[in-house]
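Structure at a glance
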Amino acid sequence: MTVRARILGAAAGGGLPQWNCGCNNCNLARSGVIPRLTQSSLAISGADGSWAILNASPDIREQLTQARSLHPSGLRELPLSAVVVTNGDIDHVAGLLTLRESQPFTLFATPGIHAVLDANPIFDAVNRDLVPRRAIALEEAFDLVPGIAARLFAVPGKVPLYMEAGEVVTDLMGEQTVGVEIEAAGKRIYYIPGCARLSDDLAARIRGANLLFFDGTLWRDDEMIREGLGHKTGARMGHMSMSGPDGSIAAMAGLGIAQKVFVHMNNTNPVHRPDAPERALAEAAGWTIGQDGMEITP
Ligand code: MLT
Ligand code: MN
Ligand code: ZN
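Report follows, based on the coordinates.

Turning to the overall build of the protein, a few remarks are in order. The secondary structure content of the protein amounts to 9 helices and 14 strands. Radius of gyration (C-alpha) of the protein: 18 Å, near the 19 Å computed for a compact globule of 298 residues. In terms of principal-axis extent, the alpha carbons of the protein reach across some 50 × 40 × 40 Å. When the 298 residues of the protein are sorted by exposure, 51% land in the buried category. Taking the contacts inside the protein whose residues are at least 6 apart along the sequence as the reference set, 67% of them involve residues at least 24 apart. Summing over all exposed atoms, the protein offers an accessible surface of approximately 12,400 Å²; the carbon and sulfur share of this is 52%. Computing the positive centroid from 25 side-chain charges and the negative centroid from 32, the protein places the two 4 Å apart.

Around the zinc ion (ligand 3), the protein contributes the donor atoms Cys-21 (SG), Cys-23 (SG), Cys-26 (SG) and Asn-267 (OD1), which lie 2.2 to 2.7 Å from the metal centre. Each of the 4 donor atoms around the zinc ion (ligand 3) contributes to a set of angles spanning 100 to 116°, which defines the coordination as tetrahedral. The motif formed by the donor residues of the zinc ion (ligand 3), counted along the single chain, is C-x1-C-x2-C-x240-N. One end of the pair, Cys-21, is in the loop between β1 (4–9) and α1 (24–30); the other, Asn-267, is in the loop between β12 (259–263) and α9 (277–284), and 246 residues separate them in sequence.

For the rest of this paragraph, the subject is the coordination of the manganese ion (ligand 2). Only Asp-91 (OD) and His-264 (NE2) from the protein reach the manganese ion (ligand 2) as donors, at distances of 2.0 to 2.2 Å. Of this pair, Asp-91 sits in helix α3 (residues 90–93) while His-264 sits in the loop between β12 and α9, and the two are 173 residues apart along the sequence. Both residues of the pair, Asp-91 and His-264, belong to the buried class.

The next thing to look at is the sheet that holds strand β9 (residues 178–184). In a beta sheet, neighbouring strands are held together by backbone hydrogen bonds and run either parallel or antiparallel to one another. Spatially, 7 strands are ordered β7-β8-β9-β10-β11-β12-β13 in an open sheet, and the strand pairing comes out mixed. The open sheet is flanked by β7 (142–145) and β13 (287–289), the only strands paired with a single partner. Averaged over all pairs of adjacent strands, the angle between strand axes in this sheet comes to 30°, irrespective of strand direction. By the bridge criterion, 3 bridges tie β7 to strand β8 (residues 148–154) in an arrangement that is antiparallel.

Quick look at the pairing of β12 now. Counting buried positions over the 5 residues of β12 gives 4, a clear majority of the element. Both β12 and β13 contribute to a ladder of 3 bridges, which runs parallel. Among the inter-strand pairings, Phe-262 is bridged to a residue of β13, identified as Ile-289. Each parallel crossover has a hand, and the one from β12 via α9 to β13 is right-handed.

With that settled, the discussion passes to the site of ligand 1. In the vicinity of ligand 1, the residues found are Asp-89, Asp-91, Met-237, His-239 and His-264. Within the side chain of Asp-89, a nitrogen or oxygen atom sits 3.3 Å from an oxygen atom of ligand 1. At 3.1 Å, a side-chain N or O of His-264 approaches an oxygen atom of ligand 1. Considered on its own, ligand 1 offers 270 Å² of accessible surface; in the complex 76% of this is hidden by protein. The pocket occupied by ligand 1, as judged from atoms lying within 2 Å of grid points, is the largest pocket. Split by residue class, the shell around ligand 1 holds 1 nonpolar, 2 polar and 2 charged.

Right, let's talk about the environment of Leu-96 for a bit. One can find Leu-96 in the loop between α3 and β5 (106–109). According to the relative accessible area criterion, Leu-96 is buried, its value standing at 2%. As a C-alpha pair, Leu-96 and Ala-125 span 29 residues in sequence and 9.1 Å in three-dimensional space. For Leu-96, the contacting residues outside a window of four places in its chain are Ala-56, Val-83, Leu-107, Leu-117, Phe-123 and Val-126.

Cut-offs used in this document
- Residues numbered from 1 in each chain as written.
- Chains lettered and ligands numbered in written order.
- Predicted model: local features only at pLDDT ≥ 70, side-chain atom pairs only at ≥ 80, totals over all residues.
- Heavy atoms only, no water.
- Helix = DSSP H or I, 4+ residues; strand = E, 2+ residues; numbered from the N terminus.
- Rg over C-alpha atoms; globule rule 2.2 N^0.38 Å.
- Buried < 20%, exposed > 50% of the residue type's maximum accessible area, 1.4 Å probe, protein only.
- Contact = heavy atoms within 4.5 Å.
- Areas by Shrake-Rupley, 256 points an atom, 1.4 Å probe, with all protein chains shown as cover.
- Lys, Arg positive; Asp, Glu negative; His and termini not counted.
- Charge placed at Lys NZ, Arg CZ, Asp CG, Glu CD.
- Donors = N, O, S within 2.8 Å, 3.2 Å for Na, K, Ca; no water.
- Tetrahedral: all angles 85-135°; square planar, octahedral: opposite > 155°, others 65-115°.
- Pairing = 2+ DSSP bridges.
- Axes fitted to C-alpha atoms, helices over the stretch in contact; angles between N-to-C directions.
- Right-handed = clockwise from strand over helix to strand, strands pointing away.
- Near = heavy atom within 4 Å.
- Polar contact = N/O pair within 3.5 Å; in protein donor to acceptor, adjacent residues only side chain to side chain.
- 1 Å grid on protein atoms, 1.4 Å probe; cavity = no way out; pocket = protein on both sides within 12 Å on 5 of 7 lines; lining within 4 Å.
- Sits in = over half its atoms within 2 Å of the grid points.
- Nonpolar A, V, L, I, M, F, W, Y, C, P; charged D, E, K, R; others polar.

What follows is the structure in structure tokens.
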């Protein structure tokens, strides 16, 4: 049996270009010099051809239009069986509202993330009779799609930006930010679109994986400040950077992961430019810069 992974959207929240951003990358994307990228989402399919969507981005309508294997096979028949959300961030949940047209699927998330959705009545537009909200405890095994087992596990992260109050802990371990571990046909796949740091436990977990999709938000921690686009570091946003001694490239160099793919890349990240030295460095370290529509078989 084969598992397929399709990157529906490789960009972080805002996309590339972001509607209100005039940075170099956003302008290059607007003018077609570099690819436009939609917001953070991954699709996984199993042997029976049904799909699970990991994170429902605000761009999901266009993403599904572009994905032939997710098109309706009949008047109201769609090979979509499940949606999983890995945190309550807008780029990962707003697309649920697009999926409201009486289409059955199961919505999986931790109890903590379900509580965020439950507290927002607008999500009741997604009919609970057709879309059961199934709470999955951390480390509980569940069937993502028939024949594909998955688990949600805590990764260092923070509450959604719109829920921040008082002092914010940016690398909290709990139900609010999770990764997805997928096991099928002897292959181990990880999807971790947001992660504040690589803890020893997380490194041990992903060691030797067949395929990893990982948080590629920023190249360097102060990238947005240097570009004059804001006052926040990556660390403050709950994202570890690609570069530097504590960055993901260095941290995962010795973990024996067969395929490493960056996703959730912010529009400021220089790796979006094919001729950027940063991109060459990432690729030389064995990383693939994720692209919309890219399909990967572990
Ligand atoms: C993030 O990944 O840090 C969030 O999606 C930011 C946001 O909500 O805009
Ligand atoms: Mn995000
Ligand atoms: Zn920009």
